Amino acid sequence: MSLAGIAGLLADRTRAAFCLALLDGRAWTAGELARHAGVSPSTASEHLSRLVAGGLLAEERQGRHRYLRLAGPDTATMIEDLCAYAAGAPDAPGPGTAAAGPKGLRESGRHGAEARARTCYDHLAGRLGVAVADAALARGLVADDAGLVLTPAGLDWLAGLGVTAAELKGSRPVVRGCLDWTERRTHLAGAAGAALCRRAFELRWVERIGTGRALRTTPAGRRDLRELLGIEVPG
């Protein structure tokens, strides 16, 4: 699809809200997305069909349910980058999330929680994600030589967490920087970033707050991150 075509798809607030919600990396049903964006099921279905046809979303049907997810990491990167570059545009899903920022205590609290720690598709973001990236650079786990690269020390470190070399192979970069929209700095994406995020959930370092993208670090997570990376993160 052309650049103009992609821009046209994302220019609609409802379709943008769907894509932003799906940045949590999970599959949502069409009904869940409709309720989330505050539109009727028929309206949601029309918009979702356009996003699927445009290649931004992938769908899977199970029984009477239609599940939607972002088409892949490249799509997530594009959407997160647009959020970072759009002046004042938060990456929180939902209609009406304009440059004016959060409205009300609930939305303000959600924005604050997402700024502390959240998922950016399949990797860690927010202050937590940036702190992990900074520590990885400082400890030589990744190097920034005309682009981020995973070092042998980083490969060994991930292996110690239970990440196999096979998990880092594939079509996507092993590690790359992703501009964090709240911190305006880089957090870690790519296969290594995704593997680290997955292990953070499996080791119960982080847990989701409600059904959105926001995360909280657990006592075990704060302890292990302090011991393994020397970083202090809030709960």
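The structure presented is a predicted model; accordingly, all values stated were derived computationally and were not measured.

Undergrad: Explain the overall build of the chain residue by residue, including any values.
TA: For the chain, the helix and strand inventory stands at ten helices and eleven strands. Across the 235 residues in the chain, those meeting the buried criterion constitute 46%. A separation threshold of at least 6 residues defines the contact pool for the chain, and within that pool the share at least 24 residues apart is 53%. Accessible surface computed for the chain: about 11,200 Å², of which carbon and sulfur atoms make up 55%.

Undergrad: Which residues make up helix α2 (residues 13–21), and what values go with them?
TA: Side chains of residues three or four places apart in an α-helix project in the same direction, reflecting 3.6 residues per turn. Summarising burial for α2: eight of the nine residues are buried, a large majority. All of the buried residues along α2 are T14, R15, A16, A17, F18, C19, L20 and A21. Its side-chain oxygen at 2.9 Å from the backbone nitrogen of T14, D12 defines the N-terminal cap of α2.

Undergrad: Explain the sheet that holds strand β3 (residues 65–70) to me, using residue names and the numbers behind them.
TA: In space, the three strands of this open sheet follow the order β1-β3-β2, with antiparallel pairing throughout. Whereas interior strands pair on both sides, the edge strands pair on one side only; in this sheet they are β1 (28–29) and β2 (57–62). Examined bridge by bridge, β2 and β3 share six bridges and lie antiparallel to one another. Residue pairing across strands places A58 opposite R69, the latter belonging to β3.

Undergrad: Now, about the environment of T77: what can you tell me, with residues and values included?
TA: Mapped onto the elements of the fold, T77 is located in helix α5 (residues 73–85). Of the residues examined, T77 reaches a relative accessible area of 16% and is grouped as buried. In this structure the C-alpha to C-alpha distance between T77 and G190, which are 113 residues apart in sequence, comes to 9.8 Å.

Undergrad: I'd like to hear about the nonpolar core, residue by residue, with values.
TA: Core analysis: the biggest nonpolar cluster contains 31 residues, and L128, W157, L168, W205, L225, L229 and I231 have the highest contact counts within it. Counting residues per element, the ones that place at least two in this core are α7 (126–138), α8 (152–160), α9 (190–202) and α10 (219–229). Formed by 28 residues, the second largest nonpolar core is a distinct cluster that contains C19, L51, L56 and I79.

Undergrad: Break down the environment of L196 for me, citing the residues and quoting the values.
TA: With respect to the helices, strands and loops of the structure, L196 is situated in helix α9. Residues L196 and L124, spaced 72 residues apart in sequence, show a C-alpha to C-alpha distance of 8.1 Å. Ignoring anything within four residues of it in the chain, the contact list for L196 reads V132, W157, L161 and W205.

Undergrad: Could you give me a rundown of unusual backbone geometry, with the residues and numbers involved?
TA: The backbone phi angle of Y121 is positive, close to 60°, even though this residue is not glycine. For Y121, the location among the structural elements is in the loop between β4 (118–120) and β5 (123–125). We classify Y121 as buried; its relative accessible area is 16%. Positive phi is not limited to glycine here, since R184 has a value of about 55°. You can see R184 is positioned in the loop between β8 (176–179) and β9 (186–189).

Undergrad: Before we move on, could you go through the pairing of β8 and cite the residues and values that matter?
TA: Two elements, β8 and β9, share four bridges in a ladder whose sense is antiparallel. When the sheet's bridge partners are listed, L179 is paired in β9 with T186. What sits between β8 and β9 in their antiparallel hairpin is a turn of six residues, with R184 showing a positive phi close to 55°.

Undergrad: Describe the pattern of salt bridges, and please don't skip the residues or the numbers.
TA: Applying the stated criterion across every chain yields a total of 13 salt bridges. Note that R66 and E59 form a salt bridge whose closest N and O atoms lie 2.6 Å from each other. Judged by relative accessible area, which is 9%, R66 ranks as buried. Accessibility expressed as a relative area gives 35% for E59, which makes it partly exposed. In this structure, E232 engages R226 in a salt bridge whose closest nitrogen and oxygen atoms are separated by 2.9 Å. In this structure R226 comes out as partly exposed when scored by relative accessible area, which is 38%. What you see here is one network of salt bridges that share partners, running through E167, R198, R199 and E202.

Undergrad: Can you lay out the side chain of T119 for me, pointing to particular residues and giving the numbers?
TA: Here T119 shows up in strand β4. With relative accessibility at 1%, the residue T119 sits in the buried group. Once residues within four sequence positions are removed from consideration, T119 is found in contact with L23, D24, C197, F201, R208, R213 and L215.

Cut-offs used in this document
Residues numbered from 1 in each chain as written. Predicted model: local features only at pLDDT ≥ 70, side-chain atom pairs only at ≥ 80, totals over all residues. Heavy atoms only, no water. Helix = DSSP H or I, 4+ residues; strand = E, 2+ residues; numbered from the N terminus. Buried < 20%, exposed > 50% of the residue type's maximum accessible area, 1.4 Å probe, protein only. Contact = heavy atoms within 4.5 Å. Areas by Shrake-Rupley, 256 points an atom, 1.4 Å probe, with all protein chains shown as cover. Polar contact = N/O pair within 3.5 Å; in protein donor to acceptor, adjacent residues only side chain to side chain. Pairing = 2+ DSSP bridges. Core = buried A, V, L, I, M, F, W, Y, C linked by side-chain atoms within 4.5 Å. Salt bridge = Lys/Arg side-chain N within 4 Å of Asp/Glu carboxyl O.

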